[in-house]
Amino acid sequence: SPSKAHWLGTDTNGMDMLTRLMYGGRVSLIIGFIVVVIEASLGILMGGISGYFGGWVDNIIMRVVDVFYCIPSMPVIIIIGAAMDAMRVDSWKRMLYLMLILGFLGWPGIARLVRGQILSLREQEFMLATEACGIKVWHRIFRHLIPNVIPQLIVTCTMGLGSTILTEATLSFLGLGVNAPMPSLGSLASDALNGIYSYTYRLIIPAVVICLIVLSLNLFGDGLRDAFDPKLKS
């Protein structure tokens, strides 16, 4: 039970719950941020190329996006997690594979967002001016078009960050994500099921931390959008 030495008590192995909670929160945040970086990188690249060039390039990339949308991501992740569990993959490699899989399956939404914004921006006067000045295509896309999509990207990425953390926590809770000895918020909640009747707080605390992290990230994203959106500046 909680005491002066252990503010949140200890788990079944005698390890301090507060320390494991801090380490678990760090692991969940690392996974979330890296997954969002992978998603944003692929989404901006593919969406920028698709929206700017259009034509057959746009058709090919959008068909690839449709294929990714047809993939049931959660069953695929569960199957891969079960396979890694059967092969006894160590914790660090398991976390790396999990980040790559989540990032590779999550970029189509960002690609569609970027494509739609660029389709509406590429015909405006400032883009005609860049063409008249002879600016290179890649410079037009990543220097003049992508910055105008940043406010929408920020909101999408921060909400995607919260969703990724929830997905990772769900997988770890089911034993298919990050496993022992590496802690995560989901695995801490799963470990609490062993003594849920005697130590209910061990299940409640990780759940509250997950909710606070997701809520704070969404509020942070809204604040960044207001700060970066040029339409809201006087």
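Just so it is clear, the model here is predicted, and its values are computed rather than measured.

Caption draft 1: Structural view of the pattern of salt bridges. What the rule picks out here adds up to four salt bridges. Among the salt bridges present, the one from arginine 115 reaches aspartate 58, with a minimum N-O distance of 2.6 Å. Taken together, the residues arginine 115 in helix H4 (residues 91-121) and aspartate 58 in helix H2 (residues 55-70) connect sequence positions 57 residues apart. A relative accessible area of 9% places aspartate 58 in the buried class. Aspartate 85 serves as the salt-bridge partner of arginine 94, at 3.9 Å between the closest nitrogen and oxygen.

Caption draft 2: Highlighting the environment of cysteine 157. Note that cysteine 157 resides in helix H7 (residues 150-173). Between the C-alpha atom of cysteine 157 and that of alanine 169, which follows or precedes it by 12 residues, the distance is 18 Å.

Caption draft 3: View of the packing of aromatic side chains. Inspection of every chain in the model, using the stated rule, returns three aromatic pairs. A centroid spacing of 5.3 Å and a plane angle of 90 degrees characterise the contact between tyrosine 52 and phenylalanine 53, whose relative ring orientation is edge-to-face. Ring centres 5.2 Å apart and planes at 75 degrees place the aromatic pair phenylalanine 68 and phenylalanine 104 in the edge-to-face group. Highlighted residues: phenylalanine 68 in helix H2 and phenylalanine 104 in helix H4, separated in sequence by 36 residues. Using a relative accessible area of 15% as the deciding quantity, one classes phenylalanine 68 as buried. Through a chain of ring-to-ring contacts, three or more aromatic side chains come together here, namely Phe68, Phe104 and Trp107.

Caption draft 4: How the structure looks around the nonpolar core. Grouped together as the largest cluster of nonpolar side chains are 25 residues, with contacts concentrated most on Val114 and Ile118. Among the secondary structure elements, those contributing two or more residues to this core are helix H1 (17-53), H4, helix H6 (137-145), H7, helix H8 (185-191) and helix H9 (201-228). Leave out the neighbours within four places in its chain, and valine 114 touches Gly43, Ile44, Gly47, Gly48, Ile146, Val149 and Leu153. Counting 21 residues, the second largest nonpolar core, distinct from the first, contains Val27, Met62, Trp107 and Ala111.

Caption draft 5: Region of interest: H6. Of the positions making up H6, those classed as buried are Arg140, Ile141 and Leu145. Angularly, the buried residues of H6 cover 95 degrees about the axis, an arc narrow enough to put them on a single face.

Caption draft 6: Region of the structure containing the environment of proline 151. Note that proline 151 resides in helix H7. Along the backbone, proline 151 and leucine 105 are 46 residues apart, and their C-alpha atoms lie at a distance of 23 Å.

Conventions and cut-offs
- Residues numbered from 1 in each chain as written.
- Predicted model: local features only at pLDDT ≥ 70, side-chain atom pairs only at ≥ 80, totals over all residues.
- Heavy atoms only, no water.
- Salt bridge = Lys/Arg side-chain N within 4 Å of Asp/Glu carboxyl O.
- Helix = DSSP H or I, 4+ residues; strand = E, 2+ residues; numbered from the N terminus.
- Buried < 20%, exposed > 50% of the residue type's maximum accessible area, 1.4 Å probe, protein only.
- Phe/Tyr/Trp six-rings, centres within 6.5 Å; stacked < 30°, edge-to-face > 60°.
- Core = buried A, V, L, I, M, F, W, Y, C linked by side-chain atoms within 4.5 Å.
- Contact = heavy atoms within 4.5 Å.
- Arc of directions from axis to C-beta.

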